[in-house]
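Chain residues, written in single-letter form:
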Amino acid sequence: MHFVNVKGILSAGNGMNLYRGCTHGCIYCDSRSRCYHMEHSFEDIEVKANAIGLLEEALRRKRKKCMLATGSMTDPYLPAESEIGIVRNALELALQYGFGFTLQTKSDRVLRDLGLLKAIHEKTKCVVQMTLTTYDENLCRKLEPNVCTTKRRFEVLKQFQKEGIPTVVWLSPILPFINDTEENIRGILNYCKEAGVYGIICFGMGMTLREGSREYFYAQLDRLFPGMKERYQKAYGMQYVLSSPKNSRLMRLFEEFCEQSGIIHQQEQIFTYLQTFEKKCEYEQLCLFPLRDALD
């Protein structure tokens, strides 16, 4: 772990990454790609030491409230977060200044901040996004070795459902020849239905590989699934998008299940929901007065 000072923290779309690098060890991680110009070991977590000061300054200057977001590149709930608490500090600022918040994670450490997330949602809007890829627990431990398994993440989703905080699931990536099975997809979808998720984001049954992530992925295939790397190379060569041979059938299963279960699965609709700030009344009676006046 090392600390750096950065020039800014919020992107043009109000997203932020408070850490760089990850220790979850997911074998398919796109964030390892060289195009992101990470100049240190991926497991050597970079902490943006001045991020909270920059964030508070940015929130003070903003004329309009909006949804803040984190987790697109690095999971915010790394083991390091338990010690450093920079994500918790960001949530506290969002609550203090009245901003909404959405985060994406694979970790049950998010439950540490349940109270803060609930407070934000009571005031504005908070959405927790959880990545689910692998229903089989043993396989999950191979693909995502240093983070809680899918079953535990499902329990986390149910906890947020109980607390009234909306959730979105990322069904991605689905690795060809490994977890691209009907049993896997149906298992995850049943979890989503039982947990009452608002929506599921799926870009198709497959994955992406590029320089940096490809080398790491293939090394892990050699270690975990002997002979699988050669199967990938024969099927896909140096392609960026690796679509499962079962994509059409599995996508049909996905879409039909979501439609029958009332789960939103149109990407544009979900992303619009995640980006839309909602202001709630500070006191319930203040909301009721205009309605009562209109009825009189």
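Look a little higher up for the structure.
Each chain carries its own residue numbering, running from 1 in the written order of its sequence. At least 70 in pLDDT is required for a residue's local features to be given in this predicted model, at least 80 for side-chain atom pairs to be given and counted, and no such filter applies to totals for whole chains, interfaces and linings, which use all residues. Each side-chain value is worked out from all heavy atoms of the structure, with water and hydrogens disregarded.

Chemist: Sorry if this is basic, but what is going on with the overall build of the protein here?
Modeler: Of the regular secondary structure elements, the protein holds 12 helices and 11 strands. Restricting the calculation to C-alpha atoms gives the radius of gyration, and the globule rule supplies 2.2 Å times the number of residues raised to the power 0.38. Whereas a compact globule of 296 residues would reach a radius of gyration of roughly 19 Å, the protein reaches 20 Å, a difference of no more than 12%. C-alpha extents for the protein along the principal axes are approximately 70 × 50 × 30 Å. Buried positions account for 50% of the 296 residues belonging to the protein. Contacts were defined at the residue level, with two residues in contact if any of their heavy atoms lie within 4.5 Å. Expressed as a percentage of contacts within the protein between residues at least 6 apart in sequence, the contacts between residues at least 24 apart total 82%. Carbon and sulfur atoms make up 49% of the accessible area of the protein, which totals about 14,400 Å². When charges are counted, Lys and Arg contribute as positive and Asp and Glu as negative, whereas His and the chain ends are disregarded. Note on charges: their place is set at NZ of Lys, CZ of Arg, CG of Asp or CD of Glu. Charge separation in the protein, taken as the distance between the mean sites of 39 positive and 36 negative side-chain charges, equals 2 Å. Secondary structure is summarised from DSSP: a helix means a run of H or I of at least four residues, a strand means a run of E of at least two, and numbering begins at the N terminus for each. Note on exposure labels: buried denotes an accessible area under 20% of the residue type's maximum, exposed denotes more than 50%, and partly exposed covers the range between, all computed with a 1.4 Å probe on protein chains only. Per-residue and other accessible areas were derived by the Shrake-Rupley procedure at a 1.4 Å probe size, with only the shown protein chains allowed to occlude residues.

Chemist: I'm lost on the sheet that holds strand β4 (residues 46-48) in this one. Help?
Modeler: In any sheet, the strands associate via hydrogen bonds between backbone groups, in a parallel or an antiparallel arrangement. One bridge is not enough; two strands pair if DSSP finds at least two bridges between them. Taken together, the three strands give an open sheet; going across it, the order is β1-β4-β3, and neighbouring strands pair in mixed fashion. Edge positions in the open sheet fall to β1 (2-4) and β3 (19-20), since each of these has one partner strand only. The pairing of β1 with β4 spans three bridges and is classified as parallel. When the bridges of β4 are listed, F3 appears paired with V47.

Chemist: In this structure, what is going on with helix α11 (residues 267-275)? I would like to understand it.
Modeler: Side chains three or four residues apart in an α-helix point the same way, a direct result of the helix having 3.6 residues per turn. Among the residues of α11, those classed as buried are I270, Y273 and L274. Projection of α11 onto a plane perpendicular to its axis shows the buried side chains occupying an angular sector of 100 degrees, all on one side. Looking at α11, the residues exposed on the side facing more than 90 degrees away from the buried face are E268 and Q275. Considering only its buried residues, α11 is in contact with β5 (67-70), β6 (100-105), β7 (126-131), β8 (167-170) and β9 (199-201). The arc refers to the directions leading from the helix axis to the C-beta atoms.

Chemist: Sorry if this is basic, but what is going on with the sheet that holds β7 here?
Modeler: With parallel pairing, the six strands of this open sheet are ordered in space as β2-β5-β6-β7-β8-β9. The sheet is open, and its two edges are formed by β2 (15-16) and β9, each paired on a single side. Direction of pairing for β2 relative to β5: parallel, over a ladder of two bridges. Its bridge partner being in β5, M16 is matched across the sheet by T70. Interaxial angle, 0 to 180 degrees, is taken between N-to-C directions of lines fitted to C-alpha atoms, where a helix line uses only the stretch in contact. Its contacts with the sheet put helix α4 (residues 114-123) on β6 and β7, and the angle it makes with β7 is roughly 130 degrees.

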